[in-house]
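These are the residues of each chain, in order.
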Amino acid sequence: MSLQNLPLEGFLNLNKPYDWTSHDCVARVRKLLRLKRVGHGGTLDPAATGVLPIALGKATRLLQYLPENKAYTATIRLGVQTTTDDLQGEVITCEPCPGLTLTQVTKELAQFQGKIEQIPPIYSAIQVDGKRLYDLARQGKTVEVPKRTVEIFHTEILDWRSGDFPELDVAIACGSGTYIRAIARDLGAILGTGGTLAALRRTESSGFNLQSSLSFSDLETQLQTGTFNPTPPDVPLQHLPSVTLPTISALKWCQGQKIPLTGDFSGIARVYNQETCFLGIGKLEDSLLVPATVVTPK
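Keep in mind that what you see is a predicted model, and the values were worked out from it rather than measured.

Criteria and cut-off values
Residues numbered from 1 in each chain as written. Predicted model: local features only at pLDDT ≥ 70, side-chain atom pairs only at ≥ 80, totals over all residues. Heavy atoms only, no water. Helix = DSSP H or I, 4+ residues; strand = E, 2+ residues; numbered from the N terminus. Buried < 20%, exposed > 50% of the residue type's maximum accessible area, 1.4 Å probe, protein only. Contact = heavy atoms within 4.5 Å. Areas by Shrake-Rupley, 256 points an atom, 1.4 Å probe, with all protein chains shown as cover. Axes fitted to C-alpha atoms, helices over the stretch in contact; angles between N-to-C directions. Left-handed = near helix turned anticlockwise from the far one by under 90°. Nonpolar A, V, L, I, M, F, W, Y, C, P; charged D, E, K, R; others polar. Salt bridge = Lys/Arg side-chain N within 4 Å of Asp/Glu carboxyl O. Polar contact = N/O pair within 3.5 Å; in protein donor to acceptor, adjacent residues only side chain to side chain. UniProt positions renumbered as here; feature names shortened; annotations may be inferred. Pairing = 2+ DSSP bridges. Arc of directions from axis to C-beta.

Asks: Requested: an account of the overall build of the protein, with residues and values cited.
Replies: Across its full length, the protein holds six helices and 18 strands. Of all 298 residues assigned to the protein, the portion counted as buried reaches 46%. Within the protein, counting contacts between residues at least 6 apart in sequence, those at least 24 apart form 69% of the total. Surface summary for the protein: the accessible area is close to 15,100 Å², and the carbon and sulfur share equals 48%.

In structure tokens:
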């Protein structure tokens, strides 16, 4: 396959397969595209599938500006508690709860709405004293995991399967930093049955959705047929305001100069020239548009 004519800058909306780490996905994309500068936004656990935004080329510098909201579909199994809060860990408790009803679960699930306090799973990538929690857990070390405030925008029950170990399918829209595994664990604790995450798929992340995502098979086919085109780098940044600079000002801005500007926004914005070419991200400071991240056009 030939990559010579491909504009390998922008984003790839990857549908991450089961049992792959986010790092595995980046390595595979590097190999397929023969590209060194590849990064990802919003890490997914190996057991999770779904949307994993991949940045290509200079777009790796834009990952920090992507929108933070995410959405998932999850299966929560009740009656079981594990060390990792999902089925990848060792079982701590396993007690059948055939009498549990959807009415009971629906009532308690309502607590997971708005801003809530959450303790991340002990097997997670969060750092405590400079060390990853999962590394400390694997070493058998007990550490106090600090609570964090997260935001749940919406929950919707999709399906309920009763039995000795009932399962709940739920859609969750949430802010950055939310652990769905922790919701499964905490729901089980409130119900007094124990709970763990049985399956997880991310349906939205950083401005990308599952419907428009590509599997590795899709990507390989598009590369073979010469039809692969990365998502332009400014497309997932539409949540930011935009500024268009005159030609001379745009050139100076790309060279690192601050440009006088009176804008009706504060903070950061997408910057374009008069030919509607995306130049990068600027920050408004004291009526000056300061270059934050410049993606100089070819």
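Asks: Give me unusual backbone geometry: which residues, what numbers.
Replies: Note: most residues except glycine have negative phi, and most peptide bonds are trans. Even without being glycine, Arg34 reaches a positive phi, approximately 55°. Note on placement: Arg34 falls in the loop between helix H1 (22-33) and strand S2 (38-40). For Arg34, a relative accessible area of 61% corresponds to the exposed category. Backbone geometry places Ser287, a non-glycine residue, at a positive phi of 65°. Looking at where Ser287 falls in the secondary structure, it is placed in the loop between strand S17 (278-285) and strand S18 (288-294).

Asks: Can you lay out the packing of helix H2 (residues 102-109) against helix H4 (residues 180-191) for me, pointing to particular residues and giving the numbers?
Replies: Between H2 and H4, whose axes approach to 10 Å, the crossing angle comes to 120°. Judged by the sense of rotation from one axis to the other, the crossing of H2 with H4 is right-handed. Residue-level contacts link Gln104, Val105, Glu108 and Leu109 of H2 to Leu187, Ile190 and Leu191 of H4. Its residues assigned to classes, the contact of H2 with H4 shows five nonpolar, one polar and one charged.

Asks: Report on the pattern of salt bridges, specifying residues and quantitative values.
Replies: When charged atoms on two side chains of opposite charge get close, those side chains can pair. Inspection of the entire model under this criterion finds ten salt bridges. Here Lys147 makes a salt bridge to Glu117, at a shortest N to O gap of 3.7 Å. Separated by 30 residues along the polypeptide, Lys147 in the loop between helix H3 (133-138) and strand S10 (148-161) and Glu117 in strand S7 (residues 114-118) bring together distant segments of the chain. When sorted by exposure, Lys147 lands in the same class as Glu117, which is exposed. Among the charged side chains, a salt-bridge network with shared partners connects Arg77, Asp159, Arg161, Glu167 and Asp169.

Asks: Any chance you could break down the side chain of Arg185 for me, citing the residues and the numbers?
Replies: Mapped onto the secondary structure, Arg185 falls in helix H4. Of note is the side chain of Arg185, whose polar atom sits 2.6 Å from the backbone oxygen of Ile119. In contact with Arg185, other than residues within four places in its own chain, are Asp85, Ile119, Pro120, Pro121 and Gly195.

Asks: Quick one: what's the story with the UniProt feature "active site" (unreviewed entry) in the protein, residue by residue and with numbers?
Replies: Under the UniProt annotation, "active site" (unreviewed entry) lies at Asp45. Here Asp45 lies in the loop between S2 and strand S3 (49-56). Discounting chain neighbours no more than four positions away, the residues touching Asp45 are Lys16, Trp20 and Arg181.

Asks: Give a description of the sheet that holds S18 that names residues and reports values.
Replies: Taken in spatial order, the five strands line up as S14-S16-S17-S18-S15 in an open sheet, and their pairing is mixed. Pairing within the sheet leaves two strands with one partner each, and these edge strands are strand S14 (242-245) and strand S15 (259-260). With two bridges joining them, S15 and S18 adopt antiparallel strand pairing. Considered in S18, the bridge of Ile259 is made with Leu289.

Asks: Could you give an account of the environment of Pro246, naming the residues involved and the relevant values?
Replies: By the element assignment, Pro246 lies in the loop between S14 and helix H6 (247-254). Exposure remark for Pro246: the relative accessible area of 43% places this residue in the partly exposed category. Between the alpha carbons of Pro246 and Gln274 there is a distance of 5.9 Å; along the sequence they are 28 residues apart.

Asks: Describe in detail H6, supporting the description with residues and values.
Replies: Among the residues making up H6, those that are buried are Ala250, Trp253 and Cys254. All buried residues of H6 project into a common sector of 95° when viewed along the axis, lining one side. Projecting away from the buried face of H6 at angles above 90 degrees are the exposed residues Ile248 and Leu251. As for H6, its buried residues are in contact with S14, S15, strand S16 (267-273), S17 and S18.

Asks: Give me the environment of Ala198: which residues, what numbers.
Replies: Of note, Ala198 is situated in strand S12 (residues 195-205). Between the C-alpha atoms of Ala198 and Asp85, which are 113 residues apart in sequence, the distance is 9.0 Å. Discounting residues that sit within four places of it in the chain, Ala198 has contacts with Thr75, Arg77, Leu87 and Glu167.

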